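The residues making up each chain are set out below.
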Amino acid sequence: MRDAAIEGNVTQIGHVHLHGPSPSLAHMPPEVTPQDHSRARNKLIKEVQRTWVSGVLRKSLPPSGVIDLELRPECGAVEHRWEGLVEDNLNSTTAGKFDLTPEAAYASAGNRLLILGEAGSGKTTKLLQLAEYLLEAARRSPDPMEPIPVIFHLSSWKEDYPNLESWMADELHRRYGVAAKFAEWWSTADLLAPLLDGLDEVHPAQRTACIKAINSFLDDHGQSGVAICCRSTDYRGVHRKVRLNSAIRVHKLKVREVREYLERAGEQLSGLLSAINGDKKLQKLIQSPLMLNIAISVYSGKTAQEIELRTASIRHRSDLFATYLAIMLTRPTSLRRYSKRRRYSPEESLHWLSWLASTMKTQGHSIFYIDWMQTEWLPEKRDQIRVATAASGYLQPRITLATITFILYVSSSLWSKYQPDAANAIATDVLLLISPVCVYFWVRRFNSGGMYIQPLQGLSWDWKPVRDSLRTIVRGALRNGLLAAALTMSTVATKNSWPKAMLLFGIAGTQVMALGAVTKALDLGLTEKLDVRPVEPGAALRSTDRTAFRFGLAVALVVGEMSYLYFAFMIGWVQAIIPTLIAAYTVYLIGMMMHGGAVLARHKRLRVLIARRGYFPRDFEAFLEFSASRVIMRRAGGGYVFIHSYMQDYLASLWGDDETQTAILKSSPLR
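Residues numbered from 1 in each chain as written. Predicted model: local features only at pLDDT ≥ 70, side-chain atom pairs only at ≥ 80, totals over all residues. Heavy atoms only, no water.

J.: How do you make sense of the sheet that holds strand β4 (residues 112-117) when you look at a structure like this?
T.: Each strand in a sheet pairs with its neighbour through backbone hydrogen bonds, running either in the same direction (parallel) or in the opposite one (antiparallel). Judged by pairing direction, the sheet is mixed, and its six strands sit side by side in the order β3-β8-β4-β7-β6-β5 without closing on themselves. Of all strands in the sheet, those with a lone pairing partner are β3 (71-73) and β5 (148-153), marking the two edges. Across the sheet, the mean angle from the axis of one strand to that of its neighbour is 20 degrees, orientation sign disregarded. The pairing of β4 with strand β7 (residues 226-231) spans six bridges and is classified as parallel. Looking at β7, one finds that Leu 113 is bridged to Ala 227. Sheet strands in contact with helix α6 (residues 164-176) are β5 and β6 (192-197), and its direction is about 90 degrees off that of β5. (Pairing = 2+ DSSP bridges. Helix = DSSP H or I, 4+ residues; strand = E, 2+ residues; numbered from the N terminus. Axes fitted to C-alpha atoms, helices over the stretch in contact; angles between N-to-C directions. Contact = heavy atoms within 4.5 Å.)

J.: Would you mind showing me how to read the environment of Glu 136 here?
T.: Following the sequence through the fold, Glu 136 ends up in helix α5 (residues 123-140). Separated by 87 residues in the primary sequence, Glu 136 and Gln 49 place their C-alpha atoms 9.1 Å from one another. Side chain to side chain, Glu 136 and Arg 140 meet in a polar contact 2.5 Å long. (Polar contact = N/O pair within 3.5 Å; in protein donor to acceptor, adjacent residues only side chain to side chain.)

J.: Explanation requested: the pattern of salt bridges in the structure shown.
T.: Close approach of charged atoms allows side chains with opposite charge to pair. All chains considered together, the criterion is met by 23 salt bridges. For Arg 50, the salt bridge goes to Glu 47, with nearest N and O atoms at 2.8 Å. With Arg 50 and Glu 47 both in helix α2 (residues 34-60) and three residues apart, this pair spans about one turn of that helix. For Arg 50, a relative accessible area of 26% corresponds to the partly exposed category. With a closest N to O distance of 3.5 Å, Arg 249 and Glu 118 form a salt bridge. With Arg 249 in strand β8 (residues 246-250) and Glu 118 in the loop between β4 and α5, this pair connects stretches of sequence that are 131 residues apart. Classification of Arg 249 as partly exposed rests on a relative accessible area of 22%. (Salt bridge = Lys/Arg side-chain N within 4 Å of Asp/Glu carboxyl O. Buried < 20%, exposed > 50% of the residue type's maximum accessible area, 1.4 Å probe, protein only.)

J.: What am I meant to see in the confidence of the model for the protein here?
T.: Caution applies to low-pLDDT regions: their predicted coordinates should not be interpreted in detail. On average, residues of the protein carry a pLDDT of 78, and 77% of them reach 70 or more. The low-confidence segment residues 92-98, where pLDDT is below 50, has seven contacts with residues more than four positions distant or belonging to other chains. (pLDDT = per-residue confidence, 0-100.)

J.: In this structure, what is going on with a nonpolar patch on the surface? I would like to understand it.
T.: Together, Leu 565, Trp 573, Val 574, Ile 577 and Leu 581 give the surface a local cluster of nonpolar side chains, amounting to about 520 Å² of exposed area. Mapping Trp 573 onto the fold places it in the loop between α23 (539-571) and α24 (577-612). (Patch = residues over 30% accessible without salt bridge, like charges linked within 9 Å, V, L, I, M, F, W, Y side chains within 5 Å. Areas by Shrake-Rupley, 256 points an atom, 1.4 Å probe, with all protein chains shown as cover.)

J.: How do you make sense of the packing of helix α16 (residues 346-363) against helix α26 (residues 645-654) when you look at a structure like this?
T.: Relative orientation and spacing of two packed helices are given, respectively, by the angle between their axes and the distance between those axes. Taken N-terminus to C-terminus, the directions of α16 and α26 make an angle of 110 degrees; their axes are 7 Å apart at the nearest point. As far as their axial angle goes, α26 and α16 are roughly perpendicular. For α16 against α26, the interelement crossing comes out left-handed. Taking contact as the criterion, the partners of Leu 350, Leu 353, Ser 354, Ala 357, Ser 358, Met 360 and Lys 361 in α16 are, on α26, Gln 648, Asp 649, Leu 651, Ala 652 and Leu 654. (Parallel < 35°, antiparallel > 145°, perpendicular 65-115°, else oblique. Left-handed = near helix turned anticlockwise from the far one by under 90°.)

Structure below.
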């Protein structure tokens, strides 16, 4: 029926349009072309589809088929502008009907809908089903200005943002990889249909302020379609209501519906079906889709007698979570497909998962991206400083060793070839000896990157800042070139013929001028393209690694060629090889760190410290894949999510409670 509705008319359901009038192309910013907008729009639609529909919705649906959930209008849950004067359209058009679909409710509510439900009731699934429908409608729409449905998770919202538009623009840029110019424009021009999940995951002290920001957005953007998802109990605890048109509530499953579903599943769940017929406590527990799916995972293939023995101590849903984790983590497996390790012990696994869940909750993350871990994941300030200084810590010993080797070799070569007088010898040695000090203080600039870890997608070039600063570049290059030429003359002129001395003078001056001009131009013209949307885990870091290697290699080749020509005239063609290689290696390290290497150094130091403190294993990717195979987490685009926010909350509550963790694993029937 849903596909037929899309084929028939993608912009209306029951003669109610999904979106209001679209903004005109005339309001497009001057730096944006219609072609750019169309490409960016289609890319965002595909990314939302890939992350949330394919990555979360499809994987969350049980193998036995979709569970039909009852949706009913919820009176008095929203702040309606015409309350008391005009009847709620959703209530008036669906009176006596409890077979609502999310898209029909959204349309009847004038594209402004609140979805309520208890934890694990399936409200997020309904929001994702609505997103799937709206994404297909937006994809098929001939109007390039049709609003784009986008899932935003409110757990990352903070009062620091001046308004909801700023937060959405930041989320579009960071989570979906949308260019800043599009993110800012779309967020303020009614070109988005925000689907806001996790209002209950906003910090309780900030929840009222969040609703206030949402209401301000709704006032300022009258044509934007909006759907919001929240747990019923948390929403009732807020004094302010959202200013939407209607609300629906996802009701828990009836025992009859659970029985019918288990009957359709066949022999594998016949034991669970028999067990619930005589156990009212178990009946009550599995009346939400989440708990039903967990019970199916735990008790599939078991007889009614086995299930009765295992459920004797279960009194609350947290007990069922504990049983689920105990079985999943103690199930025997081969880890060769995940890690070089023979196995992850259940004790370690539960400890690591509880830390991850607790830290994600503290940081306000619903999806965990390996590439986007930040220094704040380490609680100790001294560890955060170690991460921030990782780049200079990597460079300083290597460059110091290379510089000392370079000084000793070049100094001995100059002495043996020219035997300069005392004055020139002292000048040369002083110049060479102060080089490590200059290098030391220059390398410390890589600490200025601070605590933030920002992966790169690549580098782009812009001529405008280079043209604007051309005069400054030329002046600086001439100054440096003349200084280098003068130092060269003071070192070799007394023992060479004037023609050769002048040749060295020219080579030194020209090369340093060229090198200085190129370095300054690169500094001004190169722009880092930030990688904010990893397609798969670790992809952003691999892209950063490639960028750092290519840039470092490019500058090393240029400097190496210049250095060899200079040193060949100074100390000989063969003797010039060693200082040239040292110079190229040093420049490679510095160039690599300038564009991407510093990010990689911080990330690697962060992972090492997290593993050293016992928070998580060093092989992040392998353990996360293992957790996904145990159906505790699942892949979502380039990141990982827990199978449900309630599972994340439960695991977070176990962090630091070693006794409870041990008790959970001892209760496993597989031990």
